[in-house]
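Chain by chain, the residues:
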Amino acid sequence: MKRIVVLGAGESGAGAAVLAKKKGFDVFVSDMGAIKDKYKKILDDHCIDWEEGHHTEEKILSADEIIKSPGIPKEAPMIQKVMAKGIHIISEIEFAGRYTDSKMICITGSNGKTTTTSLIYHIFKAAGYDAGLAGNIGRSLALQVAEDPHEYYVIELSSFQLDNMYDFRANVAVLLNITPDHLDRYDYCMQNYVNAKFRIIQNQTADDAFIYWNDDPIIQRELKKHDIKAVQYPFSELKENGSAGYIEDGQYKIEKPVPFSMDRNGLSLQGKHNVYNSLAAGIASDIVGIDADVLRKSLGDFPGVEHRLEKVCNVDGVQYVNDSKATNVDACWYALESMTTPVVLILGGKDKGNDYNEIKDMVRKKCVGIVYLGADNTKLHGFFDQLGIPVRDTHSMKDCVAACHSMARPGDTVLLSPCCASFDLFRNMEDRGDQFKTLVRALAKQ
């Protein structure tokens, strides 16, 4: 019996283990951290052997194949041992793809992935399509394939997931943009990160579709390096030769495969970056045959995504906005670009090799104050203090919100758009955003 070892017992790992068990593999799950009770129950209910808090080397290195959580870096000691022994490492998405013929709509990019994925799923469900939401959001793809299969899967893919995907095929691939991110995981080499993103088109055929932002200079450069077999659907801010989607005279327009248009002001998502997300989602939906009336309504009533430019509440004339998902510089730039009032900006966290020059001019233009929120704010001080904007240094969300409350004036916006990962002070970006919202809402009640 072939042996599958799953490293990491979160959503993807537990789901992969269940699918492997169902397909008759000898399955073992190992997690260096603590496994959540809900995942322990899933493993126990399926009689899957597991361990937490350590790795038992002999049990892991006896595997025929390893399914690795995307959060585990290749530099991890156990991964190095697995690689040294030549054991094949794959992702949960790769494994799940072996056992389904469902249509895969896959979305990647440095920014906008969650919004675009959620919007496509919203449109599919409104149209009555049998669709599952998977990848970085939603439920484990492997678990759905094992126990709750769907005709379509809408999948958000990170570069980490793409790294360990080999034979998986995206029927519709969406590449939103490529800007520096996660460089600490790619040997601080931008090309390595770019290569990971472009893995989304591997294995595509002439029957498939590739949607991409035509105005992205890195994507434009990389297109020349690839033999792209899929039908290409570029989108852009303005109409260009070959554009499948664009904005013209206040109209949101899709040219192919089926022409579609609506008033740009009718889109539920506003701001330049959200227009791009809406174009990508609309083209993907058009490709699979979503009715125009359903598409128009869905683009207009999408409620948005938690932790992405999420309006929390107004306190003493100051609007507080939670953009905790902005874990890189480019995401923060787009958040600032969409602001129409003076901003007190919250920055900080685990730096991923950020170059803050990209937002320097935007910060000068939009910000009346900066509050640093991190375990170590030295790099932020070194870059932003010189701009002459008032700054405050904080190391907890409680102190951060208090500092924002004292700095902001009526008519201002306090924007949590931190540019950085959350793992220095918080469990994850959701924890960071939730703490912000809780404290801001408490302020409103005072």
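A quick note: this is a predicted structure, and the numbers were derived from the prediction, not measured.

K.L.:
I would appreciate a short explanation of the overall build of the chain in the present structure.
P.N.:
From N to C terminus, the chain includes 17 helices and 20 strands. Computed over C-alpha atoms, the radius of gyration of the chain comes to 22 Å, within 12% of the 22 Å expected from 2.2 N^0.38 for 446 residues, which places it in the range of a compact globule. Considered along the principal axes of its C-alpha atoms, the chain spans approximately 65 × 50 × 40 Å. The buried share of the chain, taken over its 446 residues, is 57%. In the chain, the proportion of contacts linking residues at least 24 apart, taken out of those at least 6 apart, comes to 65%. Carbon together with sulfur atoms contributes 50% to the accessible area of the chain, which is approximately 18,100 Å² in total.

K.L.:
For this particular structure, what's the right way to read the sheet that holds strand β4 (residues 65-68)?
P.N.:
The pairing of strands in a sheet happens through backbone hydrogen bonds and is either parallel or antiparallel. If you trace the five strands from one edge of the open sheet to the other, you get β3-β2-β1-β4-β5, paired in parallel fashion. Either end of the sheet is taken by a strand with one partner, and the two such strands are β3 (49-52) and β5 (88-90). Taken pair by pair, the neighbouring strands of this sheet meet at an average axis angle of 20°, ignoring direction. Where strand β1 (residues 3-7) meets β4, four bridges bridge the pair, whose relative direction is parallel. Paired with Val5 across the strands is Ile66, a residue of β4. Contacts from helix α1 (residues 11-22) reach β1, β2 (26-31) and β4, with the element oriented near 170° to β2. Along the sheet, helix α4 (residues 77-85) contacts β1, β4 and β5; its crossing angle with β5, the most-contacted strand, is approximately 130°.

K.L.:
Looking at this structure, I do not really get the sheet that holds strand β15 (residues 310-315). What am I missing?
P.N.:
The mixed open sheet is built from six strands, whose spatial order is β15-β16-β20-β17-β18-β19. This sheet does not close on itself; its edge strands, each paired only once, are β15 and β19 (391-394). In this sheet, neighbouring strand axes are inclined to one another by 20° on average, regardless of whether the strands run parallel or antiparallel. In the sheet, strand β17 (residues 343-347) pairs with strand β20 (residues 413-416) via four bridges, with the strands oriented parallel. If you follow Val343 over to β20, its bridge partner there is Thr413. Strands in contact with helix α13 (residues 329-337) are β17, β18 (367-373) and β20; relative to β17, the strand with the most contacts, it is inclined by about 165°. Contacting β15, β16 (318-322), β17 and β20, helix α17 (residues 429-445) crosses the sheet at an angle of about 25° to β15.

K.L.:
Looking at this structure, how should I read the pairing of strand β10 (residues 209-213)?
P.N.:
Every other side chain in a regular strand lies on the same face of the sheet, so the side chains alternate between the two faces. Of all five residues in β10, five are buried, a share of seventy percent or more. Residues of β10 alternate between two faces, with Ala209, Ile211 and Trp213 on one and Phe210 and Tyr212 on the opposite face, all of them buried. In this sheet, β10 lies alongside strand β9 (residues 172-175) in parallel orientation, the contact comprising four bridges. Residue pairing for β10: Val174 is matched across the bridge by Ile211. This β-α-β element, β9 to helix α9 (residues 190-198) to β10, shows right-handed connectivity. In the sheet, β10 pairs with strand β11 (residues 231-235) via five bridges, with the strands oriented parallel. By the bridge assignment for β11, Ile211 is matched with Tyr233. After leaving β10, the chain enters helix α10 (residues 217-223) and then returns to the sheet as β11, a path that is right-handed.

K.L.:
Teacher, can you tell me more about α4 here?
P.N.:
Because an α-helix packs 3.6 residues into every turn, residues spaced three or four apart end up facing the same way. Residues Met78, Ile79 and Val82 constitute the buried set of α4. Buried residues of α4, seen end-on, are gathered within an arc of 100° and therefore sit on one face of the element. Among the exposed residues of α4, those pointing more than 90 degrees away from its buried face are Pro77 and Ala84. The elements touched by buried residues of α4 are β1, α3 (57-60), β4 and β5.

K.L.:
Help me understand the packing of helix α6 (residues 113-126) against helix α11 (residues 272-287) in this model?
P.N.:
Packed helices, taken two at a time, are described by the angle between their axes plus the distance between the axes. Across the interface, α6 lies against α11 with an axial gap of 9 Å and an inter-helix angle of 40°. On the basis of their axis angle, the class for α6 and α11 is oblique. Crossing geometry of α6 relative to α11 is assigned as right-handed. In this structure, α6 contributes Thr115, Thr116, Leu119, Ile120, Ile123 and Phe124 to the contact, and α11 contributes Asn274, Asn277, Ser278, Ala280, Ala281, Ala284 and Ser285. Here the contact of α6 with α11 is built from residues that sort into seven nonpolar, six polar and no charged.

K.L.:
Can you help me understand the environment of Met32 in this one?
P.N.:
Tracing the chain through its elements places Met32 in the loop between β2 and α2 (37-45). For the pair formed by Met32 and Tyr166, sequence separation is 134 residues and the distance between their alpha carbons is 26 Å. With residues up to four places along the chain from it excluded, the contact list for Met32 reads Gly53, His54 and His55.

K.L.:
For this particular structure, what's the right way to read unusual backbone geometry?
P.N.:
Glycine aside, a negative phi is what most residues show, and trans is what most peptide bonds show. The omega angle of the peptide bond from Lys256 to Pro257 is 5°, so this bond is cis rather than trans. Positive phi, close to 55°, is recorded for Cys47, a residue that is not glycine. Here Cys47 lies in the loop between α2 and β3. The phi angle at Cys419 is positive, at roughly 70°, despite the residue not being glycine.

K.L.:
Just to check I follow, could you spell out helix α12 (residues 292-301) for this structure?
P.N.:
Leu295, Ser298 and Leu299 are the residues of α12 that are buried. Projected down its long axis, α12 carries its buried residues within an arc of 100°, all on one side. Exposed positions of α12 whose direction lies more than 90 degrees from the buried face are Asp293 and Lys297. Lining the buried residues of α12 we find α6, β13 (251-254), β14 (260-263) and α11. The N-terminus of α12 is capped by Asp291, whose side-chain oxygen sits 2.9 Å from the backbone nitrogen of Asp293.

Criteria and cut-off values
- Residues numbered from 1 in each chain as written.
- Predicted model: local features only at pLDDT ≥ 70, side-chain atom pairs only at ≥ 80, totals over all residues.
- Heavy atoms only, no water.
- Helix = DSSP H or I, 4+ residues; strand = E, 2+ residues; numbered from the N terminus.
- Rg over C-alpha atoms; globule rule 2.2 N^0.38 Å.
- Buried < 20%, exposed > 50% of the residue type's maximum accessible area, 1.4 Å probe, protein only.
- Contact = heavy atoms within 4.5 Å.
- Areas by Shrake-Rupley, 256 points an atom, 1.4 Å probe, with all protein chains shown as cover.
- Pairing = 2+ DSSP bridges.
- Axes fitted to C-alpha atoms, helices over the stretch in contact; angles between N-to-C directions.
- Right-handed = clockwise from strand over helix to strand, strands pointing away.
- Arc of directions from axis to C-beta.
- Parallel < 35°, antiparallel > 145°, perpendicular 65-115°, else oblique.
- Left-handed = near helix turned anticlockwise from the far one by under 90°.
- Nonpolar A, V, L, I, M, F, W, Y, C, P; charged D, E, K, R; others polar.
- Polar contact = N/O pair within 3.5 Å; in protein donor to acceptor, adjacent residues only side chain to side chain.

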